[in-house]
Amino acid sequence: MTFAPVSAPVPVSAPVPALAGRARSIGGSPVRDILAVTARPEVINFAGGLPAPELFDRAGVAAGFRYVLEEAPAQALQYSTTEGEPELRERLAARTTARGLPTTADDLLVTTGSQQALSLLASALLDPGDTVLVEAPCYLAALQVFGLAGARILAVPEDADGPDPEALAELVVRERPKLLYTVPTFQNPTGRTLPAERRAALASVAARHGLWIVEDDPYGELRYDGERLPWIAAHTDARDRTVLLGSFSKVMAPGIRLGWLRAPAELRRACAVAKQAADLHTPTVNQLAAARYLAVDDLDAHVARVAAVYRERRDAMLAGLGEALPPGSRWNRPEGGMFLWARLPQSYDTAALLPQVVAQDVAYVPGAPFYAGEPDRSTLRLCFVTQTPEEIGEGLRRLGRGLTGQDRS
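Residues numbered from 1 in each chain as written. Predicted model: local features only at pLDDT ≥ 70, side-chain atom pairs only at ≥ 80, totals over all residues. Heavy atoms only, no water.

Trainee: Could you give an account of the side chain of Asn-286, naming the residues involved and the relevant values?
Mentor: Note that Asn-286 resides in helix 11 (residues 284-296). If we ignore the near neighbours within four places in the chain, the residues touching Asn-286 are Phe-65, Ile-256 and Leu-258. (Helix = DSSP H or I, 4+ residues; strand = E, 2+ residues; numbered from the N terminus. Contact = heavy atoms within 4.5 Å.)

Trainee: Which residues make up the sheet that holds strand 10 (residues 259-262), and what are the values?
Mentor: In a beta sheet, neighbouring strands are held together by backbone hydrogen bonds and run either parallel or antiparallel to one another. Taken in spatial order, the seven strands line up as 2-10-9-8-7-3-4 in an open sheet, and their pairing is mixed. One side of each edge strand has no neighbouring strand; the edge strands of this open sheet are strand 2 (108-111) and strand 4 (152-155). Shown here is a sheet whose adjacent strand axes are inclined to one another by a mean of 20°, direction ignored. Helix 6 (residues 114-125) rests against strand 2, strand 7 (179-182), strand 8 (212-216), strand 9 (242-247) and strand 10 of the sheet, and its axis sits at about 155° to strand 9. (Pairing = 2+ DSSP bridges. Axes fitted to C-alpha atoms, helices over the stretch in contact; angles between N-to-C directions.)

Trainee: Which residues make up the packing of aromatic side chains, and what are the values?
Mentor: Summed over all chains, the structure comprises six aromatic pairs. Summarising the aromatic geometry, the rings of Phe-248 and Trp-260 are spaced 4.9 Å apart at their centres and angled 65° between planes, so their arrangement reads as edge-to-face. Placement of Phe-248 in the loop between strand 9 and strand 10 and of Trp-260 in strand 10 is noted, with a sequence separation of twelve residues between them. The pair formed by Phe-248 and Trp-260 is uniform in burial state, with each residue classed as buried. Ring centres of Trp-341 and Tyr-371 lie 6.4 Å apart, and the angle between their planes is 50°; this geometry places the pair in the tilted category. (Phe/Tyr/Trp six-rings, centres within 6.5 Å; stacked < 30°, edge-to-face > 60°. Buried < 20%, exposed > 50% of the residue type's maximum accessible area, 1.4 Å probe, protein only.)

Trainee: Please provide a residue-by-residue account of the pattern of salt bridges, values included.
Mentor: Counting across every chain of the model gives 24 salt bridges. Across the pair Arg-40 and Glu-42 runs a salt bridge, and its minimum N-O distance is 2.8 Å. For Arg-40, a relative accessible area of 32% translates into the label partly exposed. Of the residues examined, Glu-42 reaches a relative accessible area of 37% and is grouped as partly exposed. Among the salt bridges present, the one from Arg-192 reaches Glu-135, with a minimum N-O distance of 3.4 Å. (Salt bridge = Lys/Arg side-chain N within 4 Å of Asp/Glu carboxyl O.)

Trainee: So what about the nonpolar core? Which residues, and what values?
Mentor: By size, the foremost hydrophobic cluster in this structure holds 92 residues, and its most contacted members are Phe-146, Tyr-181 and Phe-248. Per-element accounting of this core gives the leading share, ten residues, to helix 12 (residues 299-324). Ranked by size, the runner-up nonpolar core spans 17 residues in total, among them Leu-133, Leu-154, Leu-180 and Ile-232. (Core = buried A, V, L, I, M, F, W, Y, C linked by side-chain atoms within 4.5 Å.)

Trainee: Provide a residue-level description of the packing of helix 13 (residues 350-358) against helix 14 (residues 389-404), including the pertinent values.
Mentor: Relative orientation of the contacting elements helix 13 and helix 14 amounts to 125°, with a least axis distance of 8 Å. Between helix 13 and helix 14, the interaxial angle falls into the category oblique. Taken as a pair, helix 13 and helix 14 cross one another with a handedness that is right-handed. Residues Leu-353, Gln-356 and Val-357 of helix 13 touch helix 14, and the partners they reach there are Leu-399, Gly-402 and Leu-403. Residue composition of the contact of helix 13 with helix 14, grouped by class: four nonpolar, two polar and no charged. (Parallel < 35°, antiparallel > 145°, perpendicular 65-115°, else oblique. Left-handed = near helix turned anticlockwise from the far one by under 90°. Nonpolar A, V, L, I, M, F, W, Y, C, P; charged D, E, K, R; others polar.)

Encoded structure:
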């Protein structure tokens, strides 16, 4: 009797479970995608939101790190509390108080950049399906955070001064949102600043109708013109319902990843619990180095030097925009910050035009991704802080050629 050979069983490999629905539904950052495409050194890049690296106080920051590693290495290299190093929180509280908002160290939670503060707030405040109100246009990474949280994101109708208080009140009554997110000073992407009266009106709406306000202020110290305006958080109406976010990324260095949030006690504790689950605490050595910097260096003087350079660069961009953009275009004149917002005639689609502009070795960010609702496709964001005035002039000449489809000749 003969037997047929027995074939080995064919291994079966089942597919792995799918990604979470929120991960599948939220795309990456178009800004970072553009930066990857335009990383060539010959490109004059108006697309990024990066501070100028040549203006970092490298000596002061390095001295801060040397000091803590030499004088307190056991503390600097050890775990820390979730809330943040007491010395840093004390110094941050003093700076906040000096700017018109009485604050103690216990009012603050140190975060790994203010971007993490947004994620912690989403974890602490939002259930899937909750409604969030935003500006139109809005900071792109905030839209990502709220989208990942499963929130329903609605834009508040606006006028020239920002979110319209009457429209906001109507939305709150109709949609019952959890929070309004705003960047009231030198907004990303528009560079706009909300007037003092508008800030007070938004605070009043939040008080009357029951609404959290998340006030993001990463750019406020970079003022070139005009007088500093009070935070929304400083208004009596809003003090028990406003979260103020701050950051060292634009005034010291983004690489140290230090931000903070100031919030009422119950919400702050909820954010601390969320942070314990995220990263336990922000790096101790970075916190102590920043605290040392604040103790021995004059951060305000450094910021003033940076702002003076940025003002020249803003003025250079404003001087050349008229020739670079097509007739009928409009743009703003930001009083500070890093960004300028332009609107081309309605027939222009800045996303569709970007490839032919990049072919001229210059780049911007199309405005459409910054909108939660129907976008204005004729808009674009320009960052003016990372190039010299001469580079800005050349970049605008390239931009003009790209928008009109001219070649390099």
